[in-house]
Amino acid sequence: RAETRSALRVLERKVHAAASEMALQTERLSRTKCDLQYQLTGKDHQVRVLTAALNGALASSRLAEQRAAASLRRRGAEEARANEAAWARVAALERRAPLLSAP
């Protein structure tokens with residue numbers, strides 16, 4: 001009987017020690033989980049901020065590209081008008097050239 005009680009006390013101490021160890025591990029895991037959630041929240045915020053910045057830069061780039069294309073179209077139209085005017089002057093000079101060279 002004394003041996004059985006002694007063995008039972010040893011077993012109770014081992015169970016208590018194991019339960020305490022499990023409680024510590026649970027607490028550590030809980031803290032780790034909280035830390036990871038906090039880090040993920042921070043990363044999620046960073047991702048949102050960076051995405052917004054990239055979207056803004058992309059929109060600015062597209063706008064600049066559209067403005068440059070419009071400017072090129074305007075310049076092209078201006079050059080076309082200037083060419084037409086130059087060819088019209090050449091044609092006028094060619095029409096007048098025979099008159100100038102006639103005796």
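Up top you'll find the structure we're talking about.
For the structure given in this document, a descriptive report is provided here. (Residues numbered from 1 in each chain as written. Predicted model: local features only at pLDDT ≥ 70, side-chain atom pairs only at ≥ 80, totals over all residues. Heavy atoms only, no water.)

Considerations on the overall build of the chain
- A tally of regular secondary structure across the chain gives one helix and zero strands.
- Relative to a compact globule of 103 residues, whose C-alpha radius of gyration would be 13 Å, the chain shows 44 Å and is clearly more extended.
- The principal-axis extent of the C-alpha atoms belonging to the chain is close to 150 × 15 × 10 Å.
- Split into buried and exposed, the 103 residues of the chain put 2% on the buried side.
- Accessible area of the chain: about 9600 Å², with a carbon and sulfur share of 61%.
- With 19 positive and 11 negative side-chain charges, the chain shows a separation of 3 Å between the mean positions of the two kinds. (Helix = DSSP H or I, 4+ residues; strand = E, 2+ residues; numbered from the N terminus. Rg over C-alpha atoms; globule rule 2.2 N^0.38 Å. Buried < 20%, exposed > 50% of the residue type's maximum accessible area, 1.4 Å probe, protein only. Areas by Shrake-Rupley, 256 points an atom, 1.4 Å probe, with all protein chains shown as cover. Lys, Arg positive; Asp, Glu negative; His and termini not counted. Charge placed at Lys NZ, Arg CZ, Asp CG, Glu CD.)

Thoughts on the pattern of salt bridges
- Applying the stated rule across the entire model yields three salt bridges.
- Close ionic contact of Glu 21 with Arg 28 constitutes a salt bridge, the shortest N to O distance being 3.9 Å.
- Judged by its relative accessible area of 42%, Arg 28 falls in the partly exposed class.
- In this structure, Arg 31 and Glu 27 form a salt bridge, with 3.4 Å as the shortest nitrogen-oxygen distance. One end of the pair is Arg 31 and the other is Glu 27, both in helix α1 (residues 2-101) and four residues apart, which spans about a single turn.
- Under the relative-accessibility criterion, Arg 31 is labelled partly exposed at 45%. (Salt bridge = Lys/Arg side-chain N within 4 Å of Asp/Glu carboxyl O.)

Regarding a nonpolar patch on the surface
- On the surface, Leu 8, Leu 11 and Val 15 cluster together into a nonpolar patch covering about 280 Å² of accessible area.
- Residue classification places Val 15 among the exposed residues on the basis of a relative accessible area of 53%. (Patch = residues over 30% accessible without salt bridge, like charges linked within 9 Å, V, L, I, M, F, W, Y side chains within 5 Å.)

Concerning a positive patch on the surface
- Together, Arg 1, Arg 5, Arg 9 and Arg 13 make up a region of like positive charge exposed at the surface.
- In this fold, Arg 13 is placed in helix α1.

Digging into the environment of Ser 60
- Residue position: Ser 60 is located in helix α1.
- Its relative accessible area of 47% is what places Ser 60 among the partly exposed residues.
- In the structure, Ser 60 is positioned 32 residues away from Arg 28 in sequence and 48 Å away in space, judged by C-alpha atoms.

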